[in-house]
Amino acid sequence: MSTGVRRLGILAGGGNLPREVAEQATASGFDVHVVAIDGEADADFSQFSVSRVNWGAIGKMVSSFRAKDISDLIIVGSVTRPDIRAVKPDLGFFRSLPKIFQIVAAGGDDSTLRKVISFFESHGFKIRGVPDVAPSLLIGSGPFGAHTASETDHKDIAIGFDIVRRLGMFDVGQGIVVNDGVIEAIEGAEGTDKMLHRVAHMRVTKFAKSQRGVLIKRPKPGQELRVDLPTIGPDTATLASRAGLAGIAVLQNATIAARREDLIVAANESELFIEGCEETSGSENAKDNFSGDISFVQLGTVKMSRRNESDLRQAVGVLEAIAPYEIGGAVAVARNHVLSIEVGEGLEAFMERVKGLRQWGGRIVRDRVGMAIFGSAEPYGTRLVSAVLDAGLAGLIVASDGLSRQEWSTAIVNANNNKVFIGALTVAHRDS
């Protein structure tokens, strides 16, 4: 029998956002129970009803919510790939193994999150989003602080929005840095903060330091918004300022402001604008086809697996989607998950970055998965295979004119010896 009390369960990851959601939901009349994940949840939940569970305690997660008569559930906060040695499975974990394997094998972040939602829905919970229970945490329309974007900034914002749309189906690119029409970075699996560190480094080592450019953050088309709304906080503003950017633009009413007061102070002190912007006109979301004819030639004795054929299609699709902007010298993909796109940093820095961007499944079984596609491999030459091995990838593809004949010969021998597939790729008749 219903008591009329609105109960809300919060599965809490890291950061202060789960606490902010709990506070706002409580103020709106919800009776909140928090299940905090050990090793992730680090906010102070002492004022709330709270249970702490290990990553592997799936049964306890579910039973903790059921014990509090929870039917509505919100999943919020940052998470890291768990160290398999720290996971302490309970009986519920083993009973859920088929679905857990589906989550691990899902591919990109959005696919994984949909599987997580499906898992909890199969246990009778209704998954809610932050806008449902704490709409005051969203950034609305217009300036969010003391500073405003210029006309040039708005042109950069339109470009950033367009690139996110183009990359939407590939589950990559939620964050973009654009400076006077030039794309300086596209966020991959490393996240926004590390992308901003990269921009700051490139501006010191490759480009003139400037106080211009915009960080654009917005949902990708088709993104699962109940558990994956873009979020910015005071650290985002600080890092954007250190990178020499003029401001941050987000899609209005579709981005969370974490630690709102601190965010405004950080932006104002750095003379950084933050604006909630309307959707701009531009390209449609990229379609699952290519405007060019793809010709792939296997060069070594190791065959590309069917799984890697899917990665190839994904990688070429990414490069095709951003081709009109003449960016993207390389892309790395693992199990249909785009790890990284090279934009201006150089291939050696790109491959160093890919090293730390392994995916859930690959990390757990420690196999080599995925591939890198290079428009050119000039900085590597004969060291190409070693770079791919160091990054934990299963193979590599280079544009047909990307290596000299001697380098091709050496790379093929190295690939065969290390059980790495290697191939040449030509994409012809590409539309601009």
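The following refers to the structure shown.

Scoring rules and cut-offs
- Residues numbered from 1 in each chain as written.
- Predicted model: local features only at pLDDT ≥ 70, side-chain atom pairs only at ≥ 80, totals over all residues.
- Heavy atoms only, no water.
- Phe/Tyr/Trp six-rings, centres within 6.5 Å; stacked < 30°, edge-to-face > 60°.
- Helix = DSSP H or I, 4+ residues; strand = E, 2+ residues; numbered from the N terminus.
- Buried < 20%, exposed > 50% of the residue type's maximum accessible area, 1.4 Å probe, protein only.
- Pairing = 2+ DSSP bridges.
- Axes fitted to C-alpha atoms, helices over the stretch in contact; angles between N-to-C directions.
- Contact = heavy atoms within 4.5 Å.
- Salt bridge = Lys/Arg side-chain N within 4 Å of Asp/Glu carboxyl O.
- Core = buried A, V, L, I, M, F, W, Y, C linked by side-chain atoms within 4.5 Å.

Side note on the packing of aromatic side chains
Point 1. Across all of its chains, the model carries two aromatic pairs by this definition.
Point 2. Seen from their ring centres, Phe65 and Phe125 are 5.9 Å apart, and the 70° between their planes marks the pair as edge-to-face. With Phe65 in helix α2 (residues 58-67) and Phe125 in the loop between α5 (109-122) and β5 (126-128), this residue pair connects regions lying 60 residues apart in the sequence.
Point 3. Residue class for Phe65 comes out buried when judged on its relative accessible area of 0%.

Describing the sheet that holds strand β3 (residues 49-53)
Adjacent strands of a sheet pair through backbone hydrogen bonds, lying either parallel or antiparallel.
Point 1. The strand order across the open sheet built from five strands is β3-β2-β1-β4-β5, with neighbouring strands paired in parallel fashion. At either margin of the open sheet sits one strand with a lone partner, and together these are β3 and β5. Each neighbouring strand pair of the sheet contributes to a mean axis angle of 30°, computed without reference to strand direction.
Point 2. Examined bridge by bridge, strand β1 (residues 6-12) and strand β4 (residues 72-76) share five bridges and lie parallel to one another. Residue Leu8 lies in a different strand from β4, and its bridge partner there is Asp72.
Point 3. Helix-sheet contacts for α2 involve β1, β2 (30-37), β3 and β4, and the interaxial angle to β2 is about 165°.

A look at the sheet that holds strand β11 (residues 247-251)
Point 1. With mixed pairing, the six strands of this open sheet are ordered in space as β6-β13-β11-β9-β7-β8. Edge positions in the sheet fall to β6 (142-143) and β8 (182-186), since each has one partner strand and no second.
Point 2. Both strand β7 (residues 175-179) and β8 contribute to a ladder of four bridges, which runs antiparallel. When the bridges of β8 are listed, Val177 appears paired with Ala185.

Some thoughts on the pattern of salt bridges
Point 1. Scanning the entire structure with this criterion turns up 18 salt bridges.
Point 2. One salt bridge connects Asp132 with Arg128, and the closest N-O pair in it is separated by 3.7 Å.
Point 3. By relative accessible area, which is 44% here, Asp132 ends up partly exposed.
Point 4. Between Arg166 and Asp162 there is a salt bridge, with its nearest N and O atoms 3.0 Å apart. With a gap of four residues between them, Arg166 and Asp162 both fall in helix α7 (residues 151-167), about one helical turn apart.
Point 5. Exposure remark for Asp162: the relative accessible area of 7% places this residue in the buried category.
Point 6. Connected via shared salt-bridge partners are Asp162, Arg165, Arg166, Arg218 and Glu279.

Considerations on the nonpolar core
Point 1. Counting 41 residues, the largest nonpolar core has Ile163, Leu167, Ile183, Ile186, Val331, Ile341 and Ile373 as its most contacted members.
Point 2. Ranked by residue count, the leading element in this core is helix α11 (residues 306-322), at seven residues.
Point 3. Residues in contact with Ile183, not counting those within four places in the same chain, are Ile159, Ile163, Ile176, Val177, Val178, Tyr325, Ile327 and Val343.
Point 4. Grouped together as the second largest cluster of nonpolar side chains are 30 residues, Met351, Tyr380, Ala391 and Ala415 included.

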